[in-house]
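Tertiary structure, described
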Amino acid sequence: IENDIDATGRVFLEADGMGAQIATAGGAIELAGGGLSLVATAGVGATGAPIRAVDGSAMTLAGATTGGFYFSASSPAASGAPVTIGALSPPGYFATTPVSGITVAAGGDVALQNASGGSIVLAAAVTSAGNVFLEAGSLLSAGGVIAPTSGLSLVATAGVGAASTPIVVTDAGDLTSAGST
């Protein structure tokens, strides 16, 4: 993404094929509400260059890859808009079937940030063959789980989960975790 993408509603980006990835070269995805689906064979963003999205209202995010998923959302709203990890159905001509949650099947981590202080709401699973890093104003559960293979970092200025809706974590082995509020 070299230049900004401006859209009202939903945006679907799919890069399939050997070594295909969604990368940034300074551009951002600017939404006016709706959903964002990012699917790539070899990665979405990079550790030093996450895919950036700006949305003034609530955004639903879904994606899948085998090479890491690095994403940063921001909002012009003073309190920051929520980012919900949910499900989206791309148009019928896409190779991808409906995408639910964020999945990294191999070769990378999941790193999601809501940089303007809004929440990240887990309505679907965040699954990673590596580590999971979530950073937001608050981390909330709406039925989704976090399933890292290696490590977990949850950073929130206003809390992680709630007594009635805790954040559920499942893992495939030894788990190293860190968190702060």
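The following paragraphs examine the structure supplied in this document.

**Some words on the environment of Leu140**
- Mapped onto the elements, Leu140 comes out in strand 16 (residues 138-141).
- A relative accessible area of 32% places Leu140 in the partly exposed class.
- Along the backbone, Leu140 and Gly159 are 19 residues apart, and their C-alpha atoms lie at a distance of 8.3 Å.
- Leave out the neighbours within four places in its chain, and Leu140 touches Ser119, Ile120, Val121, Leu122 and Ile167.

**Regarding empty space enclosed by the protein**
- This structure, assessed with the given rule, holds one cavity of 30 Å³ or more.
- Put simply, the largest cavity is a space of about 30 Å³.
- Along the walls of the largest cavity sit Asp55, Ser57, Met59, Ala73, Ser74, Ser75, Ala81, Pro82 and Val83, which together make up its complete lining.
- Looking at side-chain class alone, the lining of the largest cavity contains five nonpolar, three polar and one charged residues.

Reading the values: the criteria
- For every chain, the first residue of the written sequence is number 1, and numbering continues from 1 along that sequence.
- Under the rules for a predicted model, residues below a pLDDT of 70 receive no local features and side-chain atom pairs below 80 are neither given nor counted, while totals for whole chains, interfaces and linings still include all residues.
- Water and hydrogen atoms were dropped before computing side-chain values, which therefore reflect all heavy atoms in the structure.
- Only DSSP runs of H or I reaching four residues or more are called helices, and only runs of E reaching two or more are called strands; each is numbered from the N terminus.
- In this scheme, a residue with accessible area under 20% of its type's maximum is buried, one over 50% is exposed, and one in between is partly exposed, where area comes from a 1.4 Å probe on protein chains only.
- Any two residues having at least one pair of non-hydrogen atoms within 4.5 Å are treated as being in contact.
- Lining residues are defined by having an atom within 4 Å of a point belonging to a cavity or pocket. Those points lie on a 1 Å grid over the protein atoms alone, cavities being sets where a 1.4 Å probe fits but cannot get out and pockets being open sets with protein on both sides within 12 Å along at least five of seven lines.
- Grid points are joined across faces, edges and corners, and a volume is the space filled by probe spheres set on the points.
- As a working rule, the residues Ala, Val, Leu, Ile, Met, Phe, Trp, Tyr, Cys and Pro are called nonpolar, Asp, Glu, Lys and Arg charged, and the rest polar, with Gly in that last group.

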